[in-house]
Amino acid sequence: MASTLLLVVVFVFDLVAFALAVAAEQRRASARIAQDANSRYCVYESDIATGMGVGALLFLLVSQLLVMVATRCMCCGRALSPGRSRALAVFLFITCWVTFIIAEACLLAGSVRNAYHTKYRSVLSANPPSCETLRKGVFGAGAAFVVFTGIVSELYYVFYSKSDEGVIPTRDTGIRMGAFN
């Protein structure tokens, strides 16, 4: 039987990761060009999205680790009983890791790119400096994959638990040898 406590804790961690990713999308760094006596330069506003993106990344990582520790990453421990639950658990295990890697890549790339600021000045007569910022939607994509990872990881845990409850039938090996007297 799947642990309700684990499912609730994983859900809460995934919910916090989703909320942080959405907040990071809303608070991406923005820039404007400032000018002093003889040069132009970029002035960046809020940089809180980087911390929110890293926080979302860490909450999703802890959530994934909880599920993988509870299921012993599907490779350690005793074998699962054959059937539909085991087949779905294997499929969801692979899907869970794929969506997790995509979500982590989006959150990490968004955080790194959001923290990057150009630090050069240009002369007034030259072209204005390029104030590069993070493109819209990177943290949003990460948030979407956080939701997918949360759903798939919880389904994986439920089907793994169903498959783990069954008793593996022992096979009759054929002719048995009796005691020799």
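Values in this document were obtained by computation on a predicted structure and should not be read as measured data. (Residues numbered from 1 in each chain as written. Predicted model: local features only at pLDDT ≥ 70, side-chain atom pairs only at ≥ 80, totals over all residues. Heavy atoms only, no water.)

Enquirer: Explain the overall build of the chain residue by residue, including any values.
Expert: Regarding its fold elements, the chain presents four helices and three strands. When the helices and strands of the chain are placed in sequence order, the string is α-β-β-α-α-β-α. Looking at the chain as shown, the accessible area adds up to about 10900 Å², and 67% of this sits on carbon and sulfur atoms. (Helix = DSSP H or I, 4+ residues; strand = E, 2+ residues; numbered from the N terminus. Areas by Shrake-Rupley, 256 points an atom, 1.4 Å probe, with all protein chains shown as cover.)

Enquirer: Can you explain the nonpolar core? Please cite residues and give values.
Expert: Among the nonpolar cores identified, the biggest contains 16 residues, and Val67, Met68, Ala89, Leu92, Tyr156, Tyr157 and Tyr160 are the most heavily contacted of them. If one sorts the elements of this core by residue count, helix H4 (residues 138-165) sits on top with five residues. Sequence-distant contacts of Tyr160, defined by excluding residues within four places in its chain, comprise Thr71, Arg72, Met74, Leu80 and Ala89. Core analysis: the second largest hydrophobic core is formed by 15 residues, Met52, Leu107, Ala143 and Val146 among them. (Core = buried A, V, L, I, M, F, W, Y, C linked by side-chain atoms within 4.5 Å. Buried < 20%, exposed > 50% of the residue type's maximum accessible area, 1.4 Å probe, protein only. Contact = heavy atoms within 4.5 Å.)

Enquirer: Hey, could you go over helix H2 (residues 48-70) for me, with residue numbers and the actual values?
Expert: Along an α-helix, residues three or four positions apart point the same way, because every turn accommodates 3.6 residues. Across its 23 residues, H2 extends 33 Å between first and last C-alpha, which sits within 8% of the 33 Å expected from 1.5 Å per residue. The set of residues buried in H2 consists of Ala49, Thr50, Met52, Gly53, Gly55, Ala56, Leu57, Leu60, Ser63, Gln64, Val67 and Met68. Looking at the packing, one finds that the buried side of H2 touches helix H1 (4-26), helix H3 (84-115) and H4. Just beyond H2, the residue with positive phi is Arg72, at close to 55°. (Expected span 1.5 Å × (residues − 1).)

Enquirer: Got a sec to walk through the side chain of Asp14? Specific residues and values, please.
Expert: Assignment of secondary structure puts Asp14 in helix H1. Here Asp14 is buried and forms no salt bridge, its nearest opposite-charge partner Lys162 lying at an N-O distance of 19 Å. Apart from the residues lying within four places of it in its own chain, the contact partners of Asp14 are Leu60, Ser63, Val146, Gly150, Ser153 and Glu154. (Lys, Arg positive; Asp, Glu negative; His and termini not counted. Salt bridge = Lys/Arg side-chain N within 4 Å of Asp/Glu carboxyl O.)

Enquirer: Please give an account of the packing of aromatic side chains that cites residues and values.
Expert: Taken as a whole and assessed by the stated rule, the structure comprises five aromatic pairs. Residues Phe13 and Phe59 carry aromatic rings whose centres are separated by 5.6 Å and whose planes lie at 70° to one another, so their mutual orientation is edge-to-face. Placement of Phe13 in helix H1 and of Phe59 in helix H2 is noted, with a sequence separation of 46 residues between them. Seen in terms of ring centroids, Phe93 and Tyr156 are 5.5 Å apart; in terms of plane orientation they differ by 50°. Their pairing is tilted. In this pair, Phe93 sits in helix H3 while Tyr156 sits in helix H4, placing the two residues 63 residues apart along the sequence. The same class applies to Phe93 and to Tyr156, which are both buried. Three or more aromatic residues joined by ring pairs make a cluster, and in this case those are Phe93, Tyr156 and Tyr160. (Phe/Tyr/Trp six-rings, centres within 6.5 Å; stacked < 30°, edge-to-face > 60°.)

Enquirer: Mind laying out the environment of Ser30, listing which residues take part and the relevant values?
Expert: The topology assignment puts Ser30 in the loop between H1 and strand S1 (31-35). Placed 14 residues apart in sequence, Ser30 and Tyr44 show a C-alpha to C-alpha distance of 5.8 Å.

It is worth stressing that arrangement in space is one thing and function is another; only the former is reported here.
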